[in-house]
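# Descriptive analysis of the structure
This is what each chain is made of:
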Amino acid sequence: MHQPNSRPLADTLLKETASQTAGPYVHIGLALELAGLPPRDEEIGPRLAGDGAKGEPIDLVGRVIDGNGDTVRDALLEAWQADANGEYQCQFDLAAPFNSFGRSAATAENDGEWRFTTLKPGAVALADGRRMAPHVNLAIFARGINIQLQTRLYFDDETDANAACPILNAIESPTRRQTLIATRETREGRACYRFDIRLQGEGETVFFDF
């Protein structure tokens, strides 16, 4: 006769169910067209800035890379950033020249690359008056990630602002800080910043707990 606690713990734990993991279901709820579903009348997409937006137009591109070095081809990212004056626009309006919020989904068809069309954000002031370097907040959703990961994208051509940023410099290791710096390049005559997010392993991106 077996005692109630004689079974291995692994046999008594409930297995993870589909409702406890973000991907690949995020496309069904948040990127309908990419999931093969009819889009909603008002869909939040990867364009944060359009015609008439004040500031330097830029693109943000990158891939989410797993611990094996492979591209995660069904990740979904949310971006939240200030405008060129360092102010967040909290009222989302598809007709507005700029919105602080956007979503971009990676797919196998685009080789796992996410992309945002936006503008260069300004420095945001903290409550104590110090200013954070220009940055974009990113949330990453993907299969195997139960709770979205939070990170930041900073710009490699904002050297002085990065050196003085109280949030960026709260990361003690200079090597780890570099995992948050996007590299400027030019695509089709337009400024573009590449930012690859590494989930695990060598060069793992710094993630924030907030």
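Residues numbered from 1 in each chain as written. Predicted model: local features only at pLDDT ≥ 70, side-chain atom pairs only at ≥ 80, totals over all residues. Heavy atoms only, no water.

### Description of the overall build of the protein
Helix and strand counts for the protein come out as four helices and eleven strands. Here the protein holds 210 residues, and the buried ones make up 41% of them. Accessible surface for the protein amounts to roughly 12100 Å². Of this, 50% is attributable to carbon and sulfur atoms. (Helix = DSSP H or I, 4+ residues; strand = E, 2+ residues; numbered from the N terminus. Buried < 20%, exposed > 50% of the residue type's maximum accessible area, 1.4 Å probe, protein only. Areas by Shrake-Rupley, 256 points an atom, 1.4 Å probe, with all protein chains shown as cover.)

### Some words on the pattern of salt bridges
Where charged atoms from two side chains of opposite charge come close, those side chains can pair. Tallying each qualifying case throughout the model produces 16 salt bridges. Across the pair Arg-63 and Glu-113 runs a salt bridge, and its minimum N-O distance is 3.9 Å. Separated by 50 residues along the polypeptide, Arg-63 in strand S1 (residues 57-65) and Glu-113 in strand S4 (residues 113-119) bring together distant segments of the chain. Comparing Arg-63 with Glu-113 shows no difference in burial state: the two are buried. For Asp-157, the salt bridge goes to Lys-120, with nearest N and O atoms at 3.5 Å. In this pair, Asp-157 is assigned in the loop between strand S8 (149-155) and helix H3 (159-164) and Lys-120 in the loop between S4 and strand S5 (124-125), connecting sequence segments 37 residues apart. (Salt bridge = Lys/Arg side-chain N within 4 Å of Asp/Glu carboxyl O.)

### Observations regarding the layout of surface pockets
Computed from the structure, the second largest pocket encloses a volume of approximately 170 Å³. Of all the elements in the fold, those that place two or more residues in the lining of the second largest pocket are H3 and helix H4 (174-177). Grouping the constituent residues of the lining of the second largest pocket by class yields five nonpolar, four polar and two charged. (1 Å grid on protein atoms, 1.4 Å probe; cavity = no way out; pocket = protein on both sides within 12 Å on 5 of 7 lines; lining within 4 Å. Points joined across faces, edges and corners; volume = space filled by probe spheres on them. Nonpolar A, V, L, I, M, F, W, Y, C, P; charged D, E, K, R; others polar.)

### Overview of the pairing of strand S2 (residues 76-81)
One face of the sheet, then the other: side chains in a regular strand alternate in exactly this way. S2 sits mainly inside the fold: five of its six residues count as buried. Where S2 lies against strand S3 (residues 101-105), five bridges are found, and the strand directions are antiparallel. Counted as the bridge partner of Leu-76 is Ala-105 from S3. Strand direction decides the pairing type here: S2 and strand S7 (residues 135-141), joined by six bridges, are antiparallel. Counterpart to Glu-78 in the pairing with S7 is Ala-139. (Pairing = 2+ DSSP bridges.)

### Notes on the packing of aromatic side chains
Across all of its chains, the model carries three aromatic pairs by this definition. Ring centres 5.8 Å apart and planes at 55° place the aromatic pair Trp-114 and Phe-116 in the tilted group. Since its relative accessible area comes to 0%, Phe-116 is described here as buried. The positively charged end of Lys-120 is found above the aromatic ring belonging to Phe-155, 5.2 Å away from the centroid. For the cation-ring pair, Arg-152 lies above Phe-208, with the distance from its terminal atom to the ring centre recorded as 6.0 Å. (Phe/Tyr/Trp six-rings, centres within 6.5 Å; stacked < 30°, edge-to-face > 60°. Lys NZ or Arg CZ within 6 Å of the ring centre and 35° of its normal.)

### Comments concerning the pairing of strand S10 (residues 190-194)
Where S1 lies against S10, three bridges are found, and the strand directions are parallel. Within S10, the position partnered with Asp-59 by the bridge is Cys-192. The sheet contact formed by strand S9 (residues 181-187) and S10 spans five bridges and is antiparallel. Paired with Thr-186 across the bridge in S10 is Ala-191. Connecting S9 to the next strand, S10, in antiparallel fashion are two residues, including Glu-188 with a positive phi near 55°.

### Focus on the nonpolar core
Leu-60, Val-64, Leu-77, Trp-114, Leu-138, Leu-153 and Ile-197 are the most contacted members of the largest nonpolar core, which totals 26 residues. If you list the elements that add at least two residues to this core, you get S1, S2, S4, S7, S8 and S10. Leaving out residues up to four positions away in the same chain, Leu-153 has contacts with Leu-60, Trp-114, Pro-134, His-135, Val-136, Leu-138, Leu-180, Ala-182 and Phe-195. In terms of nonpolar packing, the next biggest core, distinct from the first, is built from twelve residues, Val-124, Met-132, Cys-165 and Phe-208 among them. (Core = buried A, V, L, I, M, F, W, Y, C linked by side-chain atoms within 4.5 Å. Contact = heavy atoms within 4.5 Å.)

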